Amino acid sequence: TLMGVPGYAPEEKFEFGVLVHFAYEVEGTGERIVVATTRIETMLGDTAVVVNPNDERYKHLHGKFVRHPFIDRRIPIITDAEAADMEFGTGAVKITPAHDFNDWEVGKRHNLSFINILNEDGTYNENTGPYNGMLRFHVRKQIVEDLKKKGLYVDTTENPMQIPVCSKSGDVIEPLMKPQWWVRCKDLAEPAMEAVRNGDLEITPSRSEKDWFKWLGDIRDWCVSRQLWWGHRIPAYFVRIAGQSNDSCDPAYWVAGRDLDEATRRAKERFPDTDFELEQDPDVLDTWFSSGLWPFAAMGWPENTDDFEKFFPTTFMETGWDILFFWIARMVMLGIYLTGKSPFSNVFCHAMIRDAHGRKMSKSLGNVIDPIDVIAGIPLEQLHAKLEDGNLDPREFEKAKDGQTKDFPSGIPECGTDALRFALCANPIANTDINLDIQRVDGYRKFCNKLWNATRFALMKLGDDFVPLAEATPTGHESLAEKWILQRLNVAVRNVNAALEEMNLMAATTAIYSFWLYELCDVYIEYIKPITAPDADADGRRSAQQTLYTCLDEGLKLLHPIMPFVTEELWQRLPRRKSDAVPSICIAPYPVPRDEYDDSKAEADFEVAMNIAKAGRSLAADYN
């Protein structure tokens, strides 16, 4: 594949996606060893040729050297079963430790030389002999020609591959060794694990707790340098001593300080009576490092401010399981190290949202769902138009468009915020993923309609002159059905509170949904229709109305954290008890179980009555 590269003439094209085979001459033998590479220009930084120790073809060459054809360099032939696959290519692999991630690992294992061949402007440096000063892709073309002249070029074959391209500049990314700042993590990880072991920090679900110990138990040092224009600049200063050529990789010539004055004081202490200049490192801190400081730095740390005293540590942290290590672990490690405390006592890891088929949401698949589109609804044509506003490849556009048409043939219906919230909560806590089915969300929209209609109907049954009792305590004159619904309300309250304590949102939604739909609406409201008629017994009607009001008031409060908007709207339409001056449901006391509502005998008796009624209806249906 011929590609243009930024920084070169527009008409210049360079070949990618090929393997170039060439030969190294083995020193003192007259033999050759053939290797292959997708980046032929990197051979100028080769410091080894690797073969498999069990490869019979090369056993006689173990420990020998090849000569570099363009630079005065002897290159050892070494053995490494991990790096050289006998079945792939010639079985011999060139190693460029300074410019390839895998080769870097080989170089560390075998103590090879790391020779940098690149300047930061994309030209080759003084380590490349006759190619010094040339642009890297000009070197690519030139080396092939020079290998041909020396008779060392073998052939070029197709090799499908991914080219790393910068999303901003469009340039081809090149691995380059640079000095970096690192954090030694092992000593930080142990207190973070101990906080979980001793109960200071609780991680839910248990699967995520296992991940915590797996990641922190096998932690590596953390590179915190980033070569970016934005971020917190690293507070490290290089001491450049007058008249000396100091090595910037030598930690003895670096000092740290919150500002230049503090760094200067430390430099003077280290180099007294010495003329020097300080140069701050231009790198910035890794975003996760800066984010890791957030729980206490935002409260005024390192000063012992009122905010820090009041708000640190906090209690509850909710996050996606995918950043448990990247962010949560860093906050805990840095928090314990710098303040002596874990920044929170509970961590809840929620699932990741996938499409209805369990696929990761991707622009190219056309399955990315904007929450606003679920809340407000969107026609299929506008979904297609959103794709056009993106940066999809034309070939991916048609694929994405087909995916949208298949999944949303009529667009996405207007579901509302409450239905979307409920649908997301109504998933097993142990799942790592939520397969978001829009039809299911639309089902909960219908549940919202059921709430609305049931509450409006109940308000009709209460009447305009209804005044709730000052307290929700039973009068003692409740009918069997009223005792049953209060018992079921108490069961729902108890189950929801227990589920929320355990952060089991699915269990909470199931308990609320069942109470509202199957017990309050399907049974109790149907039961009281004749009792609350104008010509019904007045005392029975008033008692049934008071119980209905209690169920509406407590039921809406119970549902409010999950469906805040429809519950607020409906609750504001309810009359108030004399003792209730709370202006909004969002600050109303959350329901708790009440002993006076517990009545297991009434529950059992009413269940018998319902079963008799069901059996009677079944017999009537059979005979009709």
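Provided above is the structure to which this section pertains.
It should be emphasised that the depicted structure is a prediction, and the values quoted were computed from it without experimental measurement.

Draft legend 1. Looking closely at a nonpolar patch on the surface. Residues L228, W229 and W230 make up a contiguous nonpolar surface patch of roughly 470 Å² in combined accessible area. The class of W230 is exposed, set by a relative accessible area of 52%.

Draft legend 2. Structural context of the environment of D283. Within the fold, D283 resides in the loop between β16 (276-280) and β17 (284-285). Each C-alpha atom of the pair D283 and A236 lies 9.5 Å from the other, and the pair is 47 residues apart in sequence. If we ignore the near neighbours within four places in the chain, the residues touching D283 are P179, Q180, S225, R226, Q227, R233 and I234.

Draft legend 3. Representation of the packing of aromatic side chains in the model. Across all of its chains, the model carries 27 aromatic pairs by this definition. Between Y8 and F137, the ring centres sit 5.9 Å apart and the planes meet at 55°, which makes this aromatic pair tilted. Taken together, the positions of Y8 in the loop between β1 (2-3) and β2 (14-15) and F137 in helix α2 (residues 136-150) put the pair 129 residues apart, joining distant regions of the chain. The pair Y8 / F137 is uniform in exposure class, with both members buried. Ring pairs connect the aromatic residues F422, Y444, F447, Y513 and Y518, which therefore count as one cluster. Here R74 stacks its cationic end above the ring of F65, 4.0 Å away from the centre of that ring.

Draft legend 4. Highlighting the state of the cysteines. One pass over the full model with this rule turns up zero disulfides. The thiol of C223 is unpaired, and the distance to the nearest cysteine sulfur, on C185, comes to 11 Å. Since its relative accessible area comes to 18%, C223 is described here as buried. A disulfide-free cysteine, C586 has its sulfur positioned 17 Å from the sulfur of C425, the nearest such atom.

Draft legend 5. Representation of the layout of surface pockets within the structure. Space inside the second largest pocket adds up to approximately 1300 Å³. Lining the second largest pocket we find 31 residues, and of these P235, A256, L285, F289 and L338 sit closest to its centre. Of all the secondary-structure elements, those providing two or more residues to the lining of the second largest pocket are β10 (182-183), β15 (254-256), α5 (260-270), α6 (287-292), α7 (294-297) and α9 (324-339). Considered class by class, the residues forming the lining of the second largest pocket number 21 nonpolar, three polar and seven charged.

Draft legend 6. Geometry of the environment of F312. Mapped onto the elements, F312 comes out in the loop between α8 (306-311) and β18 (316-320). When the C-alpha atoms of F312 and V374 are compared, they prove to be 37 Å apart, with 62 residues separating the residues in sequence.

Draft legend 7. Broad picture of the nonpolar core. Counting residues in each nonpolar core, the largest one holds 67 residues, and the members touching the most others are W516, L520 and L548. Breaking this core down by element, the ones donating at least two residues are α11 (380-389), α13 (417-425), α14 (438-462), α15 (480-501), α16 (505-528), α17 (538-559), α18 (564-571) and α19 (600-623). In terms of residues, this core owes the most to one element, α16, which gives 12 residues. In terms of nonpolar packing, the next biggest core, distinct from the first, is built from 47 residues, L285, I328, I336 and C349 among them.

Draft legend 8. Main features of the packing of α15 against α16. For the pair α15 and α16, the least separation of the axes is 8 Å and the interaxial angle reads 170°. Judged by the inter-axis angle, α15 sits roughly antiparallel to α16. Side by side, α15 and α16 meet where A481, E482, W484, I485, R488, L489, A492, N495, V496, A499 and L500 of the first sit next to L505, A507, A508, A511, I512, F515, E519, L520, V523, Y524 and Y527 of the second. Per-class residue counts for the contact of α15 with α16 are 18 nonpolar, one polar and three charged.

Draft legend 9. Highlighting the pairing of strand β3 (residues 18-26). Burial runs high along β3: eight of the nine residues are buried. With five bridges joining them, β3 and strand β9 (residues 153-158) adopt antiparallel strand pairing. For V20, the partnering residue across the bridge sits in β9 and is T156. In the sheet, β3 pairs with strand β4 (residues 32-37) via six bridges, with the strands oriented antiparallel. Each bridged residue has a counterpart across the sheet, and for H21 the counterpart in β4 is A36. The antiparallel hairpin formed by β3 and β4 contains five residues in its connecting segment, where G28 sits at a positive phi of about 75°. Bridge count between β3 and strand β6 (residues 65-67): two bridges; the pairing is antiparallel. For E25, the partnering residue across the bridge sits in β6 and is R67.

Draft legend 10. Inspection of the sheet that holds β16 at higher detail. Taken together, the three strands give an open sheet; going across it, the order is β15-β14-β16, and neighbouring strands pair in antiparallel fashion. The two strands at the open ends of the sheet, each matched to only one other strand, are β15 and β16. Across the sheet, the mean angle separating the axes of adjacent strands is 35° when strand polarity is ignored.

Draft legend 11. Broad picture of empty space enclosed by the protein. Going through the model one piece at a time under the given rule, you end up with one cavity of 30 Å³ or more. In this structure, the largest cavity is lined by A423, N427, I434, N435, L436, D437, R440 and V441. Those elements that provide at least two residues to the lining of the largest cavity are β21 (433-435) and α14. Tallied by class, the residues present in the lining of the largest cavity amount to four nonpolar, two polar and two charged.

Thresholds, definitions, all that
- Residues numbered from 1 in each chain as written.
- Predicted model: local features only at pLDDT ≥ 70, side-chain atom pairs only at ≥ 80, totals over all residues.
- Heavy atoms only, no water.
- Patch = residues over 30% accessible without salt bridge, like charges linked within 9 Å, V, L, I, M, F, W, Y side chains within 5 Å.
- Areas by Shrake-Rupley, 256 points an atom, 1.4 Å probe, with all protein chains shown as cover.
- Salt bridge = Lys/Arg side-chain N within 4 Å of Asp/Glu carboxyl O.
- Buried < 20%, exposed > 50% of the residue type's maximum accessible area, 1.4 Å probe, protein only.
- Helix = DSSP H or I, 4+ residues; strand = E, 2+ residues; numbered from the N terminus.
- Contact = heavy atoms within 4.5 Å.
- Phe/Tyr/Trp six-rings, centres within 6.5 Å; stacked < 30°, edge-to-face > 60°.
- Lys NZ or Arg CZ within 6 Å of the ring centre and 35° of its normal.
- Disulfide = S-S within 2.5 Å.
- 1 Å grid on protein atoms, 1.4 Å probe; cavity = no way out; pocket = protein on both sides within 12 Å on 5 of 7 lines; lining within 4 Å.
- Points joined across faces, edges and corners; volume = space filled by probe spheres on them.
- Nonpolar A, V, L, I, M, F, W, Y, C, P; charged D, E, K, R; others polar.
- Core = buried A, V, L, I, M, F, W, Y, C linked by side-chain atoms within 4.5 Å.
- Axes fitted to C-alpha atoms, helices over the stretch in contact; angles between N-to-C directions.
- Parallel < 35°, antiparallel > 145°, perpendicular 65-115°, else oblique.
- Pairing = 2+ DSSP bridges.

Remember, this is a structural readout, not a statement about activity or role.
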